[in-house]
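# Tertiary structure, described
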Amino acid sequence: MYKNAGNTNRIFYFIAVIVEILVGRSSAEESRSAVEWAKKGVEAYHKGQFKEAVEYYDRAIELDREYSAVYNNRGLARLRLKDYEVAEKDFFKVLELNPNDIEARVNLGNLEIKRDHPRRAISYLSKAIEIKPNTYQAYDNRGLAFMDSGEPGKAVMDFKKALSINPAHASTYNNYALLLASYPKEEYRDGQKALEYA
């Protein structure tokens, strides 16, 4: 009887291994398909076909509901379509799956800038900086939010920090030049310096 119990345990173990292999294979195939749909979404996004990109990302998510990068990409496409509420849900889903995701926080900051909520944007971008201090995009975008909230001194500091991290980031130069060329307060307006940064 003891001998048969050992055989039974081996049989159950063997069945469990086969089931795990089959389930693993099925998951791998689904993930590959999700990756393929995600790639199609990225291609459509880069062609400016944002609606189509969302559709491809939807298909990828149907196959892999924990593919956080796809939620982030879909949120960006929705942001370009000005579908802000749904974009926000996608970015929050990314944070649900990965609470320390920097891109989702930066994208939430950008979303709030577009909604004209600079204080909220500053909050998201500051958290991104807290998690990963060398995120130049977060400094650049927080600089814009500080401009919008009437804090040019903090904007200047953030633009300078972004440029110290990534001196080749053209957008930061443009944003800094915009501040220097057009800010209403005389102490921050400097046309000559704006030309240097533009």
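The structure reproduced in this document is the subject of the present report. None of the values given here were measured: they were computed from a predicted structure.

Our focus in this paragraph is the packing of helix 7 (residues 136-148) against helix 9 (residues 170-182). It is at 10 Å that the axes of helix 7 and helix 9 come closest, and there the two elements cross at 20°. On the basis of the axis angle, helix 7 is roughly parallel to helix 9. By crossing handedness, the relation of helix 7 to helix 9 is classed as left-handed. In this structure, helix 7 contributes Asp140, Leu144 and Met147 to the contact, and helix 9 contributes Ser171, Thr172, Asn175, Leu178 and Leu179.

Quick look at helix 3 (residues 68-80) now. Spanning 13 residues, helix 3 covers 19 Å between terminal C-alpha atoms, matching the ideal 18 Å at 1.5 Å per step. Every buried residue of helix 3 is listed here: Ser68, Val70, Tyr71, Asn72, Arg74, Gly75, Ala77, Arg78 and Leu79. Of the residues trailing helix 3, Lys82 is marked for its positive phi of about 60°.

Structurally, the position occupied by Asp140 is in helix 7. One buried charged residue, Asp140, remains without a salt bridge, the closest side chain of opposite sign being Arg142 at 11 Å. Here the side chain of Asp140 touches Ser171 through a polar contact of 3.5 Å, side chain to side chain. Not counting chain neighbours up to four residues away, the residues in contact with Asp140 comprise Phe159, Ala162, His169, Ser171, Thr172 and Asn175.

All right, on to helix 7 then. Look at helix 7: 19 Å from first C-alpha to last across 13 residues, which is about the 18 Å you get at 1.5 Å a residue. Burial of helix 7 is extensive: 10 of the 13 residues sit out of reach of the surface. Buried within helix 7 we find Ala138, Tyr139, Asp140, Asn141, Arg142, Gly143, Leu144, Ala145, Phe146 and Met147. Buried positions along helix 7 lie against helix 5 (102-114), helix 6 (118-131), helix 8 (152-165) and helix 9.

Reading the values: rules and limits
- Counting from 1, residues in each chain are numbered in the order their sequence is written.
- Confidence filtering applies because this is a predicted model: local features only for residues at pLDDT of at least 70, side-chain atom pairs given and counted only at 80 or more, and all residues used for totals across whole chains, interfaces and linings.
- Only hydrogens and water are removed before side-chain values are computed, so all heavy atoms of the structure are retained for them.
- As a rule, the C-alpha atoms of each element are fitted with a line to give its axis, helices using only the stretch in contact, and angles between N-to-C directions run from 0 to 180 degrees.
- Put simply, DSSP H or I for four residues or longer makes a helix, DSSP E for two residues or longer makes a strand, and each gets a number counted from the N terminus.
- Here the angle decides the label: under 35 degrees means roughly parallel, over 145 means roughly antiparallel, 65 to 115 means roughly perpendicular, and every other value means oblique.
- For a crossing to be left-handed, the near helix must be turned anticlockwise from the far one by less than a right angle; the clockwise case is right-handed.
- Residues count as neighbours in contact if any of their non-hydrogen atoms are within 4.5 Å of one another.
- Multiplying 1.5 Å by the helix residue count minus one yields the expected span of that helix.
- With a 1.4 Å probe rolled over the protein chains alone, any residue whose accessible area is under 20% of its type maximum counts as buried; one over 50% counts as exposed, and the rest are partly exposed.
- Positive charges come from Lys and Arg, negative ones from Asp and Glu, while His and the chain ends are left out of the count.
- When a carboxyl oxygen of Asp or Glu is within 4 Å of a side-chain nitrogen of Lys or Arg, the pair counts as a salt bridge.
- By the criterion applied in these results, polar contacts are pairs of N or O atoms within 3.5 Å in which, for protein atoms, one can donate a hydrogen and the other can accept it, and in which residues neighboring in sequence qualify only through two side-chain atoms.

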